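# What the coordinates show
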Amino acid sequence: MNVAILGGGQLGRMLALAGYPLGLRFRFLDPNPDSPAGHLAPLVVAPYNDPDALAELAAGADVVTYEFENVPASVADTLGGSAPVFPPHAALEIAQDRLSEKQTFQALGIPAAPFAAVDSLADLEKAVGTIGLPAVLKTRRLGYDGKGQFVLREDADVARAWDALGGVPLILEGFVAFERELSILAVRGRKGEVAFYPLVENHHRDGILRVSIAPAPDTDPRLQERAEHIARRVLERLDYVGGLAIELFQLGDELLANEMAPRVHNSGHWTIEGAETSQFENHLRAVCGLPLGSTAPRGWSAMLNIIGTLPPSDAVLEVPDAHLHLYGKAERPGRKIGHVTVRTDDPETLRDRLEMLTPLVLG
Ligand code: AMP
C-alpha cells in the first residue's frame, strides 16, 4: 500500500520506520527540504496548500494521513477526492483550535478546566472575573510546547497578558493545580475496533515534554478506565480512525482533559521498544484497514526527549537498556532533535537507568 503523509517531521520519519516491515511505501509533503522523513522516503517540498504539490503527494496513494495537525483543514478536503484521509477532517479542525477542543470535551461530558473565549481586553477582564486567578491565557491556534501561553497570577497580570498575546483569538483557562500530567494513547481501526495503551506519566519543563514514564507509576486501574472512557467518547463521536492522544491532568481520582492530538504523539515514543506494537505501527495499521496490534507494555519504560543539543551517542549507548533515536535535525535551542528510551523488566532497574541517563540527556 502507498501511504501519503502531510508533514515530514520526526513523527513522519518514525511512521515510515514502523511501516517498512509491513511493506508499506511512503511519500511526504513538507515545506522544509531537509525534513527528517525526507531522509527515508520521497519528499514533495512545498507549502501545505499548494494544489499541485497536494496532487503529487496523493498520486497513487491508497490512504492519506498526517503527522502534524496544523495543516489547513481545506487541504484534507482537497485530498479527500483522491484517497481516503484519516484521521477524519473533523478531528483536525477541533484539535487546531483550543476553544473547539474544550467545547468538544464539554459537549461529550469530559471534565476540563473552566474556560472562556477572549477576543478583547474587556473579554479578558470578564473571563478573569468568572474563572478567577490563577488562570492561563493561551492563543487558540498554533500554540504548542507551551508557546503562546501566559500564566496570570495577580490582577496586574491581566494587562500584561493582553499586551503579550492580544490581537489573535485567545482562550482563558482556569489554572489546574494538578498532581501530575498523564496522557492516554488510543487507536481506532476502520471497522471501529479500539485499543488503548497504558496511561503515561509526563514531565514538562518550560512547557516542553522532557520525560515520559510508562506505564504511569502507582496508577489505580480505575484511573486507566476513566482515561479510556474519555478517549473512547472522542473516538466514537468523531468516527475516528488512527492514533489519538489526549493530555490529561490528574487531581486525586479525577482526570481533566487538557488537549488532544489527532496523530501519533511524543508521549507515545516509548511504545517503539516498550509495547508489543508501537503507536506508529498501530496508527498505520488503523489507517490502512489492517487489524490492530497488541498495546500491552513490555515491562517498564521511560522516554527522555533530546532538546536543543545532542548528548554524546557513546555515553548514552553505554547505559544498559538505552535506545537512541536521532531525527537527523540540526541542533537549535528548544528544538526536539531526538529521544532516548530505556526499557527494563522491573521498575527498580528503570529508576537506576533513569538516574544514569538524566544528566546525559537533560543536562
Ligand atoms: P499545552 O500547550 O496546553 O499542552 O500546555 C503546556 C503545559 O502548560 C502543560 O503540559 C501544563 O504543564 C501547563 N498547562 C497548560 N494548561 C494549564 C492549565 N489550565 N493549568 C495548569 N497548567 C497548565
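Structure's up top.
Basis of the calculations
Residues numbered from 1 in each chain as written. Predicted model: local features only at pLDDT ≥ 70, side-chain atom pairs only at ≥ 80, totals over all residues. Heavy atoms only, no water. Helix = DSSP H or I, 4+ residues; strand = E, 2+ residues; numbered from the N terminus. Rg over C-alpha atoms; globule rule 2.2 N^0.38 Å. Buried < 20%, exposed > 50% of the residue type's maximum accessible area, 1.4 Å probe, protein only. Salt bridge = Lys/Arg side-chain N within 4 Å of Asp/Glu carboxyl O. Near = heavy atom within 4 Å. Polar contact = N/O pair within 3.5 Å; in protein donor to acceptor, adjacent residues only side chain to side chain. Areas by Shrake-Rupley, 256 points an atom, 1.4 Å probe, with all protein chains shown as cover.

For the rest of this paragraph, the subject is the overall build of the protein chain. Within the protein chain, the secondary structure is distributed over 12 helices and 17 strands. Computed over the C-alpha atoms, the radius of gyration of the protein chain is 20 Å, within 12% of the 21 Å expected from 2.2 N^0.38 for a compact globule of 363 residues. Once the C-alpha set of the protein chain is aligned to its principal axes, its extents read approximately 55 × 50 × 40 Å. Looking at the protein chain as a whole, 55% of its 363 residues are labelled buried.

For the coordinates displayed, the defined rule picks out 14 salt bridges. Residues R188 and D239 are paired through a salt bridge, measuring 3.0 Å at the closest nitrogen-oxygen approach. With R188 in strand β9 (residues 180-188) and D239 in the loop between α8 (221-237) and β13 (242-251), this pair connects stretches of sequence that are 51 residues apart. In this structure, D220 and R222 form a salt bridge, with 2.9 Å as the shortest nitrogen-oxygen distance. We classify D220 as partly exposed; its relative accessible area is 33%.

Neighbouring residues of the ligand: 15 residues in total, closest K138, Q149, V176, E181 and E259. Q149 is positioned such that a nitrogen or oxygen atom in its side chain is 2.9 Å from an oxygen atom of the ligand. About the coverage of the ligand: the protein hides 91% of its 470 Å² of free accessible area. For the shell around the ligand, the elements supplying multiple residues, two or more each, are β6 (135-139), β8 (170-174), β13 and β14 (254-261).

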